[in-house]
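Each chain is listed here by its residues.
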There are 2 protein chains.
Amino acid sequence: MVDIATRVYNHKWKIDPIVRSLIDTDFYKLLMCQSVFRNKPDTEVAFSLINRTTRIPLADLIDEGELREQLDHIRSLSLSRGESTWLRGNTFYGKRQMFRPDFMEWFENLRLPAYHLERRGDQYELTFEGSWPEVMLWEIPALAVLMELRGRAVLDGMGRFELQVLYAQAMTRVWEKIERLRDVEPLGIADFGTRRRHSFLWQDWCVQAMLEGLGKKFTGTSNCLIAMRREVEAIGTNAHELPMVYAALAQDDAALARAPYEVLSDWHEEHEGNLRIILPDTYGTQGFLDNAPDWLAGWTGIRIDSGDPATAARIAIDWWQSRGEDPKQKRVIFSDGLDVDKIIELSRQFAGETNVSFGWGTLLTNDFRGLVPDDALAPFSLVCKAVSANGHPTVKLSDNPEKAMGPADEIDRYKRVFGVGDQQRLEVLV
Amino acid sequence: MVDIATRVYNHKWKIDPIVRSLIDTDFYKLLMCQSVFRNKPDTEVAFSLINRTTRIPLADLIDEGELREQLDHIRSLSLSRGESTWLRGNTFYGKRQMFRPDFMEWFENLRLPAYHLERRGDQYELTFEGSWPEVMLWEIPALAVLMELRGRAVLDGMGRFELQVLYAQAMTRVWEKIERLRDVEPLGIADFGTRRRHSFLWQDWCVQAMLEGLGKKFTGTSNCLIAMRREVEAIGTNAHELPMVYAALAQDDAALARAPYEVLSDWHEEHEGNLRIILPDTYGTQGFLDNAPDWLAGWTGIRIDSGDPATAARIAIDWWQSRGEDPKQKRVIFSDGLDVDKIIELSRQFAGETNVSFGWGTLLTNDFRGLVPDDALAPFSLVCKAVSANGHPTVKLSDNPEKAMGPADEIDRYKRVFGVGDQQRLEVLV
């Protein structure tokens, strides 16, 4: 029986929005936003889209008009009453009122600022400029829109039945991955796949699959909207943009060397327990830990987001031991380009030595590799980063030079200040 | 948006019927029914359900009340106006008015006769007795009901999400099979999977997958209802029940030896072209062909339904050559326990020697092997056969003694009359 009313209603849509809520974003963005709102509210930043997989001609694949419609739709969004209630009333990481009233009031009145979109060759230049706490909230929805529009362009040419089989194949693949993870003991794994997901509905499906398939081993999702609707934990702490912007604001080399620790000092004041997670790789993990103040060794864990993950985890464990800390009481969170094989391998490798968790991203929520001709739905490496702060360019070194960004002379300066030498070059898939 | 009316309507169902139409059956049943209606209308037969996979305790798995409800529902069915129009007006195998007016009138007034159901240990005894043209129409729906009820009993314990993944896996499996068949050249393949299908909806899905995935290489379905709704060819000719009943009616050994040829003589009068397909294995392929009258060598093809298929095809090709016929002008139809590997192998083996077609059955429409614990959805070997005619037991020898049936002394007599010696024993999976 056709539900005529639903069908007519669907026909009335001007667009099919990709992002339908301001909290269809990563939880750590909101935590960082609150921190920025408190500590650096007047910073002017620019964020810019960077397609690291240049062989994907985004501007050829995605219609500019459709892209503008989606971005304009995001600018029309504001926090709904239910979303606000959830943010104000929910317990995050065991803490009530994680978001303070002044921040919530600001967030409730927020609309995302203007964007600048221009075609450059076969790529889009997409930039956002303005106050840091506002601009930073563009990152996740902008990435999700571009990823999904590229997917839609491919799906547009497929028949109804072909689509059904495509999703059946993708579902089977996700489920088989989950079944392999079921036997890993112990295991704690969260969805970190919002930014480069195939689509919102698909991410939502993946979260439900993890929930049903892994039970308590599934610790939650980074996506606030899905966390709210599916009643699972919202997961995430902080990201590279904090040290990148703090560093860009430094007046001299001495201030630059201090900047990454200042970020964590501000964080230390605001958060405790499982929210005290060090992200050490922005300017090289080894140097960052060698020069870290002792209070940082008391933090709960470290997130590994670039370079060889086992090497970085070993550095962290050695560092804790050198500071008189027991790695068995610590947590290592892996979050860089994970898939099942790597998750199982790392889990086995560090079992008994420390507590291990995983933030599983793109290869959870967008593994459509090999499912259509020319691999036209395979995920690729798209990022949206802070490129300047108060007029100064930002720099990221990372533990993998393939992930470095910033002007060449500034990269050299940062390498000198942070004592970064030769680095292992690793291919960046997603 | 929930369609409340649909949901309320669904809640009102007393049962969810498995068979909803008298033409949800194999096309060859209707062709044979018309032949029987014309040539042997007064024969009294008994059909009986036989579960050849005795380790599956059907009576423990399937509730007797539910089984009765489904069988009673089938007895309430009659030909709908649209179904009748389709049978009367459609072109089958290039021929209009395949079904004669007197047969159609009889069919339009038909209700299926009573059944006898009794539990025996962990199996059901299910028998149908009465006039041959009526009783024979029970075979396919009875099998489909038992197969689907067994599946429903397993699915009943599964969650909504688990079900979705199950069907995604099964869809992916079917689609991967179809993709492998896509490259086989030439190929002609039909769905023969009604009787042991997972469910009606699933068979319908498989047919659509074949249609979209194989295009013209998909020649049609044996299921009349699906052929009508999906506007594809209805496929099928005749089956073992004709020679089995004709043989049982034979008064002496000489008449018995003639019986299988009498069947085809009656068929010869009624049909031509692609409907003239010999099913030679009821009492041994080699002997049947050795003793066949010359006019039979003029028929279009042979269907191979037991024993080693390549061996039987070789026998057929040699036989045609010995009768001065060109095998390149003939057709060999394989229909026994096929899956993709075997289809590709046979297709390659006989390419250029003769025309090859495939009737793909249970492993198209019910390949749920390995998808649930204890393999509880794996198909098994369930048949519903004519066991007596006018009080005489029927016998089938087949080219595989695992498929033989009938009283032991009668089997010995038939073997003597038809000159069947040692036979290769092959496992019957489905």
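All residue numbers refer to position in the chain's written sequence, counted from 1. The order in which chains are written sets their letters, starting at A; the order in which ligands are written sets their numbers, starting at 1. Residue-level local features of this predicted model are given only where pLDDT is at least 70; pairs of side-chain atoms are given and counted only at 80 or more, and the full residue set underlies all totals for whole chains, interfaces and linings. Each side-chain value is derived from all of the structure's non-hydrogen atoms; neither hydrogens nor water enter the calculation.

- Chain A is annotated in an unreviewed UniProt entry as Nicotinate phosphoribosyltransferase from Sedimentitalea todarodis.
- UniProt positions are given in the numbering used here, feature names are shortened, and annotations may be inferred rather than shown by experiment. What the UniProt record of chain A gives under Sequence similarities (unreviewed entry) is the line "Belongs to the NAPRTase family."

**Description of the pairing of strand β9 (residues 355–360) of chain A**
Residue and element names in this part refer to chain A.
Phase 1: Within β9, 5 of the 6 residues are buried, which leaves the element mostly enclosed by the surrounding structure.
Phase 2: At least two bridges found by DSSP between two strands is the condition for calling them paired. Secondary structure elements follow DSSP: runs of H or I of four or more residues count as helices, runs of E of two or more count as strands, with numbering from the N terminus. Here strand β4 (residues 189–191) pairs with β9 via 3 bridges, running parallel. Bridged to I189 within β9 is F358.
Phase 3: Relative to β9, strand β8 (residues 331–334) is paired through 4 bridges, and the arrangement is parallel. Paired with V332 across the two strands is V356, which belongs to β9.
Phase 4: On the question of chirality, the crossover connecting β8 to the parallel β9 by way of helix α17 (residues 340–350) is right-handed. Only protein chains enter the accessibility calculation, which uses a 1.4 Å probe. A residue is then buried if its area is under 20% of the maximum for its type, exposed if over 50%, and partly exposed in between. Crossovers are marked right-handed if the path from the first strand over the helix to the second runs clockwise, as seen with the strands pointing away from the viewer.

**Details of the packing of aromatic side chains**
Residue and element names in this part refer to chain A.
Phase 1: In summary, the pairing rule links any two rings of Phe, Tyr or Trp, Trp by its six-membered ring, whose centres are within 6.5 Å, and it sorts them by plane angle into stacked for under 30 degrees, edge-to-face for over 60 and tilted for everything else. Enumeration according to the criterion identifies 56 aromatic pairs over all chains in this entry.
Phase 2: Here the aromatic rings of F37 and F103 are separated by 5.7 Å at their centres, their planes lie at 70°, and the arrangement is edge-to-face. Taken together, the residues F37 in helix α2 (residues 27–39) and F103 in helix α6 (residues 101–108) connect sequence positions 66 residues apart.
Phase 3: Exposure remark for F37: the relative accessible area of 18% places this residue in the buried category.
Phase 4: Judged by its relative accessible area of 1%, F103 falls in the buried class.
Phase 5: Grouped by ring-pair contacts, the aromatic residues F27, F37, W86, F92, Y93, F99, F103, W106 and F107 constitute a single cluster.

**Looking at a nonpolar patch on the surface**
All names here are of chain A.
Phase 1: Each patch is built from residues lacking any salt bridge and having more than 30% relative accessible area; the joining distance is 9 Å for like charges and 5 Å for nonpolar side chains (Val, Leu, Ile, Met, Phe, Trp, Tyr). To measure how exposed things are, a 1.4 Å probe is used in the Shrake-Rupley method; for residues, cover is taken only from the protein chains shown. By definition here, a salt bridge exists when the distance from a side-chain nitrogen of Lys or Arg to a carboxyl oxygen of Asp or Glu is within 4 Å. A cluster of nonpolar side chains, contributed by V2, I4 and V8, occupies part of the molecular surface with about 290 Å² of accessible area.
Phase 2: Looking at where V8 falls in the secondary structure, it is placed in helix α1 (residues 4–11).
Phase 3: Judged by its relative accessible area of 45%, V8 is partly exposed.

**Focus: helix α8 (residues 139–155) of chain A**
Phase 1: Taking 1.5 Å per residue as the helical rise, α8 of chain A with its 17 residues ought to reach 24 Å, and the 25 Å between its terminal C-alpha atoms agrees with that figure.
Phase 2: Most of α8 of chain A is tucked away: 14 of the 17 residues are buried. How far a helix is expected to stretch is found by multiplying one less than its residue total by 1.5 Å.

**Digging into the interface of chain B and chain A**
Phase 1: Contact with chain B, which involves 19 residues of that partner, is made by 19 residues of chain A.
Phase 2: Each of two parts loses accessible area, computed with a 1.4 Å probe, when they are put together; buried area is these two losses added. Between chain B and chain A, the buried area comes to about 1,800 Å², and carbon and sulfur atoms account for 68% of it.
Phase 3: Seen at the junction of chain B and chain A, the total is 0 salt bridges.
Phase 4: Among the elements of the structure, α1 (4–11), α9 (160–182) and α10 (200–214) of chain B are those that each provide at least two residues to the side of chain B that touches chain A.
Phase 5: If you tally residues by element for the side of chain B that touches chain A, the top one is α9 of chain B, at 11 residues.
Phase 6: For this scheme, ten residues count as nonpolar: Ala, Val, Leu, Ile, Met, Phe, Trp, Tyr, Cys and Pro. Four count as charged, namely Asp, Glu, Lys and Arg, and the remainder, Gly too, count as polar. Across the side of chain B that touches chain A, the residue classes break down as 9 nonpolar, 5 polar and 5 charged. What makes two residues a contact is simply this: any of their non-hydrogen atoms within 4.5 Å.

**Describing the packing of helix α13 (residues 253–270) of chain A against helix α19 (residues 408–417) of chain A**
How two helices sit against one another is set out by the angle between their axes and by the gap between those axes.
Residues and elements named next belong to chain A.
Phase 1: Note on geometry: axes are C-alpha line fits, over the in-contact stretch for helices, and angles between N-to-C directions span 0 to 180 degrees. Where α13 contacts α19, the axes come no closer than 10 Å and their chain directions differ by 75°. With respect to α19, the axis of α13 lies roughly perpendicular. Contact residues: α13 offers D253, L256 and A257, while α19 offers R413, Y414, R416 and V417.
Phase 2: Here the contact of α13 with α19 is built from residues that sort into 4 nonpolar, no polar and 3 charged. Orientation categories follow fixed angle ranges, with anything under 35 degrees roughly parallel, anything over 145 roughly antiparallel, 65 to 115 roughly perpendicular, and all other angles oblique.

**Section: the relation of the copies chain B and chain A**
Phase 1: Structural alignment of chain B on chain A gives an RMSD of 0.0 Å, achieved by rotating through 180° and translating 0.0 Å along the axis. Both copies of the chain, as the preceding transformation shows, are related through a two-fold rotation axis. Residues of chain B ranked by C-alpha distance from the rotation axis are headed by A168 of chain B, positioned 2.1 Å from it.
Phase 2: A high fraction, 100%, of the interface residues of chain B reappear at the interface in chain A, so the copies pair face to face through one surface. What sets the superposition is a least-squares fit of C-alpha atoms, and only residues with pLDDT of at least 70 in both copies go into it.

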